[in-house]
Amino acid sequence: MNGTVDEEPNNLAQLGIDRRPIVTCAGELEVFSTVEENLSNALPKDTCEWRRSLGRPIKNVHVGANFVPFNVQSLPKCSQWDLIRQPLFHTYWTECTDVDTYKNTIREDIEAWLKELNSREITDWLIVVVENYDGKRTKQLIPRTTVLDKIRADFAVKQGDRCISVINPGRAESKTAESWRGLVSRVRHLLLVAYARAVTRLEEHVRQQRERRNEPGWNFMKYFMLQEELAQVLEMLGLNDEALVQYDELDALFSQFVANFTTCDNLKWLSQFQRPLDQWHGLRLKPSLVEDTPSLLELRAYIFARQSRMLLLTNKVWEMASRCLPFLHTCVRELAILEITAPPGAVWCWLFLASMEVLQVCDKFNQADQVEEYSLHTAALWEYASQKLRNLGELCGLMPQGAPTSEQLHVVVSLSAGMGDNPGPLNSPSPTDRLKEALCSQDVFIKSYLELAELAMGTFKHVGRLRMARLVGQEVATFYLLLGETQKAAAFLGDAIRTFESDGWHELAAQTQLCLADCHKKAEDSQKYIKACAAVSAAVEIDTLIRWSYFDEMTKHLVKLDKPMELAFNDMLRINSVAITSDLIVMQDCKMEVELAIESNFPKEIVCTYFAVCLEREEKPKSNVRYHSGKLLTKKDLKWQDPLLQRLRIKRTLNYKQDKQLATSGIASKLTQLHRKDSAPARSRTDLSAALEAEKLPLLLTPGLNVLKLSKKATDVGKYCLDAAIIHVDKLQLKSPPILPRLTLEVQEESPSIRLYKRPAPLLSGIEQVMNLILTIGSYLIEPKSIIKLTASTGLTFQIQPEEALTNNLEIEVGDKATFSSTKMPLRVLADLLTRDHQVTIHVPWVPKPIVVPLNFSPPMSTTWRLFTVDYRKFVQVNVVGHCVDNLIVHEPDLNVKSIPVSTKHCDSSLIISNGLSYSFLWELAHTNVAANSAKAEFSVQYKLTENDCYKSYQYYFDVTDFKTLYALDAVVEPAKGNEFCRVGVVCHLHLTISNMVAVHGKENADIRSVMYEVLAEQSVWAVCGRTAGVISFGGILEEENAVQRVVLDVMPLTSGFLPLPLVRISKYIPADTLHSEKTSASDTHPRLEPFTSGQVYNKSKGKQLHVIAAASETNPL
Amino acid sequence: MAVCAAIVGKDNSPKFFCCVNPDEELAFQFKVLSSLDIIEEKLNPTNKSASDNRELYLGQLYSLETCKIYGYVTNTKIKFIIVVDSTNMALRDNEIRSMFRRMHSEYADMVSNPFYIPGEAITSKMFDANIKSIITGTV
């Protein structure tokens, strides 16, 4: 902190003040003179610890010394307080090395010297023996006693440190340097001890004097000098901060006096400051002396200069800057309290000069961190200086658009005289020079003022005090307005308005808006003037009469406009709510409707020539914009919310270790909306072509709330956002900011469609039926000439015209159809009989992809057949089931079996078959010895749906195979011997007779020799006892008797009543070792069973029943 | 006695303004507005001000030739500002501080009014009268 201490003694010295302690020298002065210069230079070079009483901290101080020859007269008397100005340390110097010489002369001298000192109770002394060191002496034996020892023994037995020897430092050798250092530090220490005592005494004295301040006759100036002395002492010691405290005390004391001046009686001495101000020399921070009878400003300036000095020495530029403004305020206040009269402008001059001086000093310290520190305070100073200069300018008629009168010129002359002369260096004129110059010439004045103001604004902006900068800007704007530079003025005013608005200080904004309006009026910029007028007229904070007049101004100028001008809504109009009154999804060509509540702040009605809300087409939602679902935006929704003031969404985050223990817990918040607010929102081009418009124009917007209905026919499909509202008033186009959060509307279209419907009944092949082809036109028209193409799969034909023949391909013209109309066209369809799956491909002009309609047809009737056998006779039954919803008229059934004649048994020639009913026809195959084992059969029938139709033929083909009877089967159950009846639970005999019919009537099928029979009794009815199956072989040559085989099985009825006989089934039995042994394979190693077809076996006992009576019991005896 | 008192919301917009001399209101509004710069500086957490967070009184914000401006900030960042004439020597720091405290409690009472919507400008006549009596020292 003492980096600048080297120059410090010079500062005091410049003024002729030397607060270094006075040190006397006695003895051989010529010896001392050789070391004097070295010593006085060496002393302040290093610090020394200063221990003080009263628990004050230990300080490292620098102490210098002022050497004077010893003089008895100048010695201070006992109990003197101003020891500072007295010799307070005494030295005796001798070069004597010879003990005898010492004894003879020096000793007496020292004795006399010490006696002088002791008589004045001075204990601070030092005897120095200077030795001339040379090479020879060291080689000699060390003398038993030196002069130093002698002196010590004689004078300083108890204070050994009061005697010191030093080797003459003439030659720079290491040993001399060491002894020299010893001397310097000893002197420094002892001197400080002495000095400290003196300072303590001085402090005590100052305190005493201060206590007496209320006594009559106490002189502030005297006290001031005294305390300043203390300050200077501390300054000399390098304790600048403590020196500052002394000045601060003086400052505070004086302030207190002045503050109490009017109330206290014993402050009469202050009247010495009450003389009129006759000179107002600029404040000088350079070292200076205070005059004996300073004026208030001089005294104040002096104290401030000293304080600044100390602050600068401790590198606290910022503090000096920060103290300046309060200091100037104090001065102004004290001038007022003491009722000091001054010529007009004189104080302003002084204030200006003082602030400029401080600023100039600050400018010298231009390290970045220093600038950073003091800018906070200099900004206000710049502003203050510019203000004062402006005041002076106004006083002296230097403001733009004016010329100084002779009276004002006279003022300038007297002010300049009072400032005195303080010429600065050539390249940097002093504040006084600058002020004088500015007062002499209007141009310089304007330039200086603007420069200062710009600096003030710049500095304010730099330190982040934007609002203050704006206020200065406002001041500057008024100045520019006087200069006629309306553009610059407008820029400053505009900035100020923006800042006020952003802080919500509407009244200030409105007031500034008034200035802006005047500014634009002066500039004859009618567009901007209208804008400002509009803003003023809509400002509720301003008096209604003023608003009216500006409103009238606005309308007056609007008429004169040659082209439309655009203007934002700002505060003039406010959208309070937006509601979509139509559906959110609007069909094409329907109406989109929106209701808007607009609050007008204009003082009178405005006539809107146009009113619309823009629609912005939106392909996909934007991510950075808020959307509002629903139809209504209330005032609350529309309110702009400062993202910085929003509640943060905070969620909990817990992190677990691997073992599921909690590792860390915390909260996290995603700052969602932290993006910059654009200072000038991007101007979106308003597309008025797609806008909801007011229906009745012109409409009146009355002051206050207006509810307006807007609508638009939805022409284009898509999603739309409500964007900005636009109001045209004559040529004024008012535009609102985009409506946020966004409300979306959707316009949809319905495309045409074509459908092919079948009627409720199932589709039948072979019958012409009607399907419905339905063409629905959607929300837009279809070119009437466009063609719908229908293509059918093979086997399917259709036609739409009633009279035309059926075809496979069909082209239909759409025709003139209204939107949302639906046309039903009957389509006659005919699928070939016996085909089932078909499809119709429809090509429509509006969709490139063809539409495929699959169709399922079923035949009009279904047919089944069965072969029945009675011994050798064969019957074919054909069963027909109708599937047609309407009755089917059937005619001429016919069965035709190839090479076998048939006889009709039950065949009505004409029938009506209704839906779902079946009907059977029966034919007997004539008994013929047909060699073929199979025959092709064809059933045909004629049918028609309605009486008027012509018959169509229905054919059904089937094969009759294996229809010859091979075996006849007969089963009889007889009761066991001795029983008359079959009883439940009693074993009966089942007599099974299998006869080979072929053996009887022909030689064929000889290979089927073995037949296996199985009794398939129902388990709840019959129990088969013993075997249930067996194989019967018919012998080689079939004789009449061995063509019939008989088997008896035991069966037992389990229930009573008429029971069907147990079912017996016979199958072909093919043994494992057949004749085809050459094809031996795994499957052939086992015997196989093959079923007979139904025509090959005739079961005689089928349908037979046996009466079984209940088992004999006690209740039911035989 | 102070000459002007103001209450400024957390968004820096004025909520209440009262002046002993209504003619000076506009001039004071400018002064109060510019003092917000300094309040913001003082509230800036990056500032190395070691001041106690619980201390709501901000002290003198800045002084002009004619007046001194004092500030006080509640925990919810509602700013109270008092403007004192600079010739007024009687008002010491302590008096100002207690003035602010009274204002704060008055404000708390006013906010408790269910008919007051927080964030709106204060229009209560009673509140106005109370604040006026606080700053003029007639309580």
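Residues numbered from 1 in each chain as written. Chains lettered and ligands numbered in written order. Predicted model: local features only at pLDDT ≥ 70, side-chain atom pairs only at ≥ 80, totals over all residues. Heavy atoms only, no water.

Re unusual backbone geometry
All names here are of chain A. We count it as follows: By definition, any uninterrupted DSSP run of H or I lasting at least four residues is a helix, any uninterrupted run of E lasting at least two residues is a strand, and each is numbered from the N terminus.
Look at Glu339: it is not a glycine, yet its phi comes out positive at around 50°. Within the element layout of this structure, Glu339 appears in the loop between α10 (317-337) and α11 (346-364). Phi is positive for Glu892, close to 50°, though the residue is something other than glycine. By secondary structure assignment, the location of Glu892 is in strand β34 (residues 888-897).

Overview of the interface of chain A and chain B
To keep it simple, the criterion reads: It only takes one pair of heavy atoms within 4.5 Å for two residues to be counted as in contact. Summed over both partners, buried area is the accessible surface (1.4 Å probe) that two parts give up on being assembled. The rule for a salt bridge is simple: a side-chain nitrogen of Lys or Arg has to be within 4 Å of a carboxyl oxygen of Asp or Glu. N or O atoms within 3.5 Å of each other form a polar contact, as long as, within protein, one can give a hydrogen and the other can take it, and as long as residues adjacent in sequence are counted only when both atoms are side-chain atoms. Each residue gets one of three labels, nonpolar for Ala, Val, Leu, Ile, Met, Phe, Trp, Tyr, Cys and Pro, charged for Asp, Glu, Lys and Arg, and polar for the others, Gly among them.
With 25 residues of chain A at the contact, the number on the chain B side is 26 residues. Across the interface of chain A and chain B, roughly 2,200 Å² is buried in total on both sides, 62% from carbon and sulfur atoms. The largest per-residue losses of area from chain A upon contact with chain B belong to Arg333, Arg467 and Trp505 of chain A, which jointly make up 33% of the total buried on that side. Between chain A and chain B we count 4 salt bridges in total. We note a salt bridge from Glu40 of chain B to Arg467 of chain A, for which the minimum N-O separation is 3.0 Å. In this assembly, chain A and chain B are joined by 11 residue pairs in polar contact (both at pLDDT 80 or more). At the level of secondary structure, the elements contributing two or more residues to the side of chain A that touches chain B comprise α10, α12 (368-395), α16 (466-483), α17 (486-503) and α18 (506-523) of chain A. Counting residues per element, the side of chain A that touches chain B draws most heavily on α16 of chain A, which supplies 5 residues. Grouping the constituent residues of the side of chain A that touches chain B by class yields 14 nonpolar, 5 polar and 6 charged.

Notes on the packing of helix α14 (residues 431-440) of chain A against helix α15 (residues 442-462) of chain A
Residues and elements named next belong to chain A. Put simply, the rule is: Lines fitted to C-alpha atoms define the axes, with helix axes restricted to the stretch in contact, and inter-axis angles between N-to-C directions lie between 0 and 180 degrees. Angle categories: roughly parallel below 35 degrees, roughly antiparallel above 145, roughly perpendicular from 65 to 115, and oblique for all the rest.
With their axes 5 Å apart at the nearest point, α14 and α15 run at an angle of 125° to one another. With respect to α15, the element α14 is oriented oblique. Counting all contacts with α14, which are made through Arg434, Glu437, Ala438 and Cys440, the residues of α15 involved are Gln442, Val444, Phe445, Ser448 and Glu451.

Side note on the pattern of salt bridges
Side chains bearing opposite charge may pair, as long as their charged atoms lie close to each other. Defined as follows: Per-residue accessibility, obtained with a 1.4 Å probe over protein chains only, is compared with the maximum for each type, and a residue is labelled buried under 20%, exposed over 50%, and partly exposed between these values.
Going through the model one piece at a time under the given rule, you end up with 35 salt bridges over all chains. Of the charged contacts, one joins Lys388 of chain A and Glu65 of chain B as a salt bridge, the two residues approaching to 3.0 Å between their closest N and O atoms. With Lys388 of chain A in helix α12 and Glu65 of chain B in the loop between β3 (57-63) and β4 (67-73), the pair connects residues from two separate chains. Accessibility expressed as a relative area gives 25% for Glu65 of chain B, which makes it partly exposed. Glu1090 of chain A is paired through a salt bridge with Lys1068 of chain A; the nearest N and O atoms lie 3.8 Å apart. Highlighted residues: Glu1090 of chain A in strand β49 (residues 1088-1091) and Lys1068 of chain A in strand β48 (residues 1063-1070), separated in sequence by 22 residues.

Some remarks on the nonpolar core
All names here are of chain A. What counts, and what does not: Here, nonpolar core means buried Ala, Val, Leu, Ile, Met, Phe, Trp, Tyr and Cys residues that are tied together by side-chain atoms lying within 4.5 Å of each other.
With 174 residues, the main nonpolar core has Phe220, Leu237, Leu270, Met320, Leu328 and Leu439 as its most contacted residues. Ranked by residues supplied to this core, first place goes to helix α6 (residues 174-211) with 14 residues. Counting residues in each nonpolar core, the second largest holds 56 residues, with Ile542, Val594, Ile598 and Leu699 among its members.

Looking at the packing of aromatic side chains
Keep this limit in mind: Here the aromatic set is Phe, Tyr and Trp, taking the six-membered ring for Trp, and pairing holds for ring centres within 6.5 Å; pairs whose planes are under 30 degrees apart are stacked, those over 60 apart are edge-to-face, and all others are tilted.
Tallied over the entire structure, the rule returns 32 aromatic pairs over all chains. Between Phe921 of chain A and Phe939 of chain A, the aromatic rings sit 5.7 Å apart at their centres with planes inclined by 35°, giving tilted as the arrangement. Of this pair, Phe921 of chain A sits in strand β37 (residues 918-925) while Phe939 of chain A sits in strand β38 (residues 934-944); the two residues are 18 residues apart in sequence, bridging distant segments of the chain. Just as Phe921 of chain A is buried, Phe939 of chain A falls in that class too. Aromatic pair Phe16 of chain B and Phe127 of chain B: ring centres 4.9 Å apart, planes at 75°, arrangement edge-to-face. Here Phe127 of chain B lies in helix α3 (residues 125-135) and Phe16 of chain B lies in strand β2 (residues 14-19), a separation of 111 residues in the sequence. Classification of Phe127 of chain B by relative accessible area gives buried; the value is 2%. Taken together, the ring pairs connect Trp218, Phe220, Tyr223, Phe224, Phe254, Phe257, Phe273 and Tyr302 of chain A into an aromatic cluster.

Examining a nonpolar patch on the surface
Applied cut-off: Patch rule: a residue counts if its relative accessible area is over 30% and it has no salt bridge; like charges are joined within 9 Å, and nonpolar side chains (Val, Leu, Ile, Met, Phe, Trp, Tyr) within 5 Å. All accessible-area figures derive from a Shrake-Rupley calculation using a 1.4 Å probe, and residue coverage is judged against the displayed protein chains alone.
Nonpolar side chains collect at one region of the surface, where Leu648, Ile650 and Ile667 of chain A lie side by side and expose about 320 Å² of accessible area between them. In this fold, Leu648 of chain A is placed in the loop between α21 (635-638) and β16 (650-656).

Thoughts on the sheet that holds strand β33 (residues 873-882) of chain A
Residues and elements named next belong to chain A. Applied cut-off: By this definition, two strands are paired if DSSP reports at least two bridges between them.
The strand order across the open sheet formed by 4 strands is β32-β33-β37-β35, and the pairing between neighbours is antiparallel. Strands at the two margins of the open sheet, each flanked by one partner only, are β32 (861-870) and β35 (902-906). Averaged over all adjacent pairs, the angle separating strand axes in this sheet is 25°, with direction ignored. As judged from the 10 bridges shared by β32 and β33, these two strands associate in the antiparallel manner. Residue Arg866 lies in a different strand from β33, and its bridge partner there is Gln877.

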